[in-house]
Amino acid sequence: MDTKLVKVIKGESLFPPPIWMMRQAGRYLPEYKHTRETAGSFLKLCYTPVLAAEVTLQPIRRFGFDAAILFSDILVVPHALGRDLRFEENQGPVMTPLTEKDIEKLDVINVIERLSPSFETIERVRSKLDDKISLIGFCGAPWTVATYMIAGHGTFDQASARLFSYFHPQAMNSLLECLIDVSVDYLLKQINAGADVIQIFDSWAGALDNISFERMCIQPVQRMVKKIRQIYPEIPIIGFPRGANLFYKDYAEKTGITALGLDWSVPLFFAERLQKDFPVQGNLDPMRLVAGGDALDCGVDAILAKLGKGPLIFNLGHGIIPNTPIKHVEQMIKRVRRNQINN
Ligand code: 1CP
């Protein structure tokens, strides 16, 4: 039987809509902080299936979301390719910036074996999760993962990766090719382990101009979707090209994804048009969730009023912010689900 999430991704309209939150396992939850302390470091938490499964399930237990998402990070892929990676407190990921010469040294032989803790996490979560709840597997899109590999850390404009793509177009192609292949294998194994929906995070799609968007965002994801569908023709795939703006439509049509994750800057009238052809997911401003009160209620109501009649997965327009009060998450869920009677 399909879960609510899968029904919507296949085009059904449900009211109230299914709901989950990007980064729903994380530092705003005391139980997450506790498990993270037990693990010792963020990466150890990602690579220890018992603990990763525990934090994956925490937001489901507390809030009753309609989907769990594998606890890991998009940067475990470059890490498994042999790049160094550490997470600095309050600074995020740090890696040695990648040069042209490093690309051929990426360890494509052992990468999937190194990622195997995630498959065990998925199996563990699936065995404990109610059948009605989806388990989302994920990876970063090649462009977004490449931005971190090239700069060595997060940036706001992805200047280093854009420049790299102009100075070294061949090297950039090789890097994207490598990431396409590895990410496809990684996702196939996640599906095989029990993920029933996949999300591809292209968090830095918005940094690209028209030509680069086509080449480095659309084409790689299009190729990934095609390869995944050769093995799993029916698997629902949510694409999240954050900041894609007017390119959202092109992205959805050309990549072949099943549903479209919208960031909070997407105007609701435009979202409504996209929803005629694609189920949509989103797009509450995470700052409204920090603020609570009327700011939160208004944001929720506007999304439900405009998109609630079509296929909608209610979500934030980007990840939850660590200082979000738990009470506000409860308020949001209550508001989204208040109209149970119409279901
Ligand atoms: O515990 C901690 O202090 C680490 C914080 C943290 C967490 C909880 C990071 C570091 N990653 C995660 C988990 C994570 N990351 C998940 C888990 C599943 C969930 O509950 O949603 C997922 C899906 C991600 C994906 C991810 N990591 C993205 C794509 C989505 C997005 O937010 O745009 C990106 C860009 C990353 C890189 C990353 N990892 C962590 C940080 C702080 C960052 C962003 C760094 C930056 O650009 O500044």
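Above this text sits the structure in question.
Residues numbered from 1 in each chain as written. Predicted model: local features only at pLDDT ≥ 70, side-chain atom pairs only at ≥ 80, totals over all residues. Heavy atoms only, no water.

1. Focus on the packing of aromatic side chains
Stage number 1. Within this structure, the stated rule accounts for nine aromatic pairs.
Stage number 2. Where Tyr 32 meets Phe 71, the ring centres are 5.7 Å apart and the plane angle is 50 degrees; that geometry is what we call tilted. In this pair, Tyr 32 is assigned in helix 2 (residues 30–39) and Phe 71 in the loop between strand 1 (67–69) and helix 5 (76–80), connecting sequence segments 39 residues apart. No difference in accessibility class separates Tyr 32 from Phe 71, as the two residues are buried. (Phe/Tyr/Trp six-rings, centres within 6.5 Å; stacked < 30°, edge-to-face > 60°. Helix = DSSP H or I, 4+ residues; strand = E, 2+ residues; numbered from the N terminus. Buried < 20%, exposed > 50% of the residue type's maximum accessible area, 1.4 Å probe, protein only.)

2. Observations regarding the pattern of salt bridges
Stage number 1. Taken as a whole and judged by the stated rule, the model has 19 salt bridges.
Stage number 2. Close ionic contact of Glu 177 with Arg 223 constitutes a salt bridge, the shortest N to O distance being 3.1 Å. Taken as a pair, Glu 177 in helix 10 (residues 169–193) and Arg 223 in helix 11 (residues 210–231) lie far apart in primary sequence, 46 residues in all.
Stage number 3. Residue Glu 177 is classed as partly exposed on the basis of its relative accessible area of 36%.
Stage number 4. The class of Arg 223 is partly exposed, set by a relative accessible area of 32%.
Stage number 5. Among the charged side chains, a salt-bridge network with shared partners connects Asp 297, Asp 301, Arg 335 and Arg 338. (Salt bridge = Lys/Arg side-chain N within 4 Å of Asp/Glu carboxyl O.)

3. Things to note about the sheet that holds strand 9 (residues 312–316)
Stage number 1. The strand order across the open sheet formed by seven strands is 1-4-5-6-7-8-9, and the pairing between neighbours is parallel. Every other strand in the sheet has two partners, leaving strand 1 and strand 9 as the edge strands with one partner each. Recorded for the sheet is a direction-independent mean angle of 25 degrees between the axes of neighbouring strands.
Stage number 2. Note that strand 4 (residues 134–140) and strand 5 (residues 197–202) share five bridges and pair parallel. Following the sheet pairing, Phe 138 is matched in strand 5 by Gln 199. (Pairing = 2+ DSSP bridges. Axes fitted to C-alpha atoms, helices over the stretch in contact; angles between N-to-C directions.)

4. Here we look at helix 9 (residues 159–167)
Stage number 1. The complete set of buried residues in helix 9 reads Ala 161, Phe 164 and Ser 165. Down the axis of helix 9, the sector holding all buried residues measures 95 degrees, keeping them to one side. (Arc of directions from axis to C-beta.)

5. Side note on the site of the ligand
Stage number 1. Taken together, 22 residues lie near the ligand, and Tyr 32, Arg 36, Tyr 148, Ser 203 and His 318 sit nearest.
Stage number 2. In the environment of the ligand, an oxygen atom lies 2.7 Å from a nitrogen or oxygen atom belonging to the backbone of Arg 23.
Stage number 3. Between an oxygen atom of the ligand and a main-chain N or O atom of Ala 25, the distance comes to 3.0 Å.
Stage number 4. Protein coverage of the free-state accessible area of the ligand, which is 900 Å², stands at 88%.
Stage number 5. Here the residues of the shell around the ligand are counted per class, giving 13 nonpolar, five polar and four charged. (Near = heavy atom within 4 Å. Polar contact = N/O pair within 3.5 Å; in protein donor to acceptor, adjacent residues only side chain to side chain. Areas by Shrake-Rupley, 256 points an atom, 1.4 Å probe, with all protein chains shown as cover. Nonpolar A, V, L, I, M, F, W, Y, C, P; charged D, E, K, R; others polar.)

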